[in-house]
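Below, each chain spelled out in residue letters.
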Amino acid sequence: MSVVKINVLTVPAEQRETLEKRFASRAHAVENSDGFEWFELLRPVEGTDQYLVYTRWRDEESFQAWMEGPMKAAHQGGAEGGERPKPAASGSTLWSFDVVQQAAPKNA
């Protein structure tokens, strides 16, 4: 079954809009990656300053290939000749899970 990667980003309140705009400007950047299955950016509602970046992959190898290729390239440097923008998140932790059970809605 699939693997799930959740990047837990600590984002100060004043950086939330910046983070969301950066993700929006890179919308669809991961969708053509081999083995990619799903993406969600989850905004905290209350009680935390941590966003969750949820991705689901066919297998660990697909995730690692994306990390070493397209993701790495997207996070290096800024615009040509420009400086890399300051990160919107003040911290990051990666959680990894194997999918052992799943369910989908039954047809109505």
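Let me begin by describing the structure that accompanies this report. What you are looking at is a predicted structure, and each value in this text was computed from that prediction instead of being measured. (Residues numbered from 1 in each chain as written. Predicted model: local features only at pLDDT ≥ 70, side-chain atom pairs only at ≥ 80, totals over all residues. Heavy atoms only, no water.)

1. What about the overall build of the protein chain?
Then comes step 1: Across its full length, the protein chain holds 2 helices and 4 strands.
Then comes step 2: Put simply, the protein chain has 108 residues, and 25% of those count as buried.
Then comes step 3: Considering only contacts in the protein chain between residues 6 or more positions apart, those separated by 24 or more positions represent 70%.
Then comes step 4: For the protein chain, the exposed surface amounts to about 7,900 Å²; the carbon and sulfur share of it is 52%. (Helix = DSSP H or I, 4+ residues; strand = E, 2+ residues; numbered from the N terminus. Buried < 20%, exposed > 50% of the residue type's maximum accessible area, 1.4 Å probe, protein only. Contact = heavy atoms within 4.5 Å. Areas by Shrake-Rupley, 256 points an atom, 1.4 Å probe, with all protein chains shown as cover.)

2. A short note on the packing of aromatic side chains
Then comes step 1: All chains considered together, the criterion is met by 5 aromatic pairs.
Then comes step 2: Between W57 and W66, the ring centres sit 5.3 Å apart and the planes meet at 35 degrees, which makes this aromatic pair tilted. No difference in accessibility class separates W57 from W66, as the two residues are buried.
Then comes step 3: Each ring, one from F63 and one from W66, has its centre 6.2 Å from the other, and the planes form 40 degrees; the classification is tilted. Of this pair, F63 and W66 both sit in helix α2 (residues 60–74), 3 residues apart, which is roughly one turn of that helix. Of the two residues examined, F63 and W66, each falls in the buried class.
Then comes step 4: Put simply, the rings of F36, W57, F63 and W66 touch in pairs and so form one group of aromatic residues.
Then comes step 5: Taking the ring centre of F23 as reference, the NZ or CZ of R26 above it sits at 5.5 Å. (Phe/Tyr/Trp six-rings, centres within 6.5 Å; stacked < 30°, edge-to-face > 60°. Lys NZ or Arg CZ within 6 Å of the ring centre and 35° of its normal.)

3. Some thoughts on the sheet that holds strand β1 (residues 3–10)
Then comes step 1: Read from one edge to the other, the open sheet built from 4 strands follows the order β2-β3-β1-β4, with strand pairing classed as antiparallel. A single partner strand is all that each edge strand has here, and the edge strands are β2 (36–42) and β4 (91–98). Strand-to-strand twist across the sheet, computed as the mean angle between neighbouring axes with direction ignored, equals 15 degrees.
Then comes step 2: Of the pairings in the sheet, the one linking β1 to strand β3 (residues 50–57) comprises 8 bridges and is antiparallel in character. Across the sheet, L9 pairs through a bridge with Y51, a residue of β3. (Pairing = 2+ DSSP bridges. Axes fitted to C-alpha atoms, helices over the stretch in contact; angles between N-to-C directions.)

4. Observations regarding the pattern of salt bridges
Then comes step 1: A complete count under the given rule lists 6 salt bridges for this structure.
Then comes step 2: Where D34 meets R58, a salt bridge forms, and the shortest distance between an N and an O atom there is 2.8 Å. Residue D34 is located in the loop between α1 (16–25) and β2, and its partner R58 is located in the loop between β3 and α2; the two are separated by 24 residues in the primary sequence.
Then comes step 3: Note that E37 and R56 form a salt bridge whose closest N and O atoms lie 3.0 Å from each other. (Salt bridge = Lys/Arg side-chain N within 4 Å of Asp/Glu carboxyl O.)

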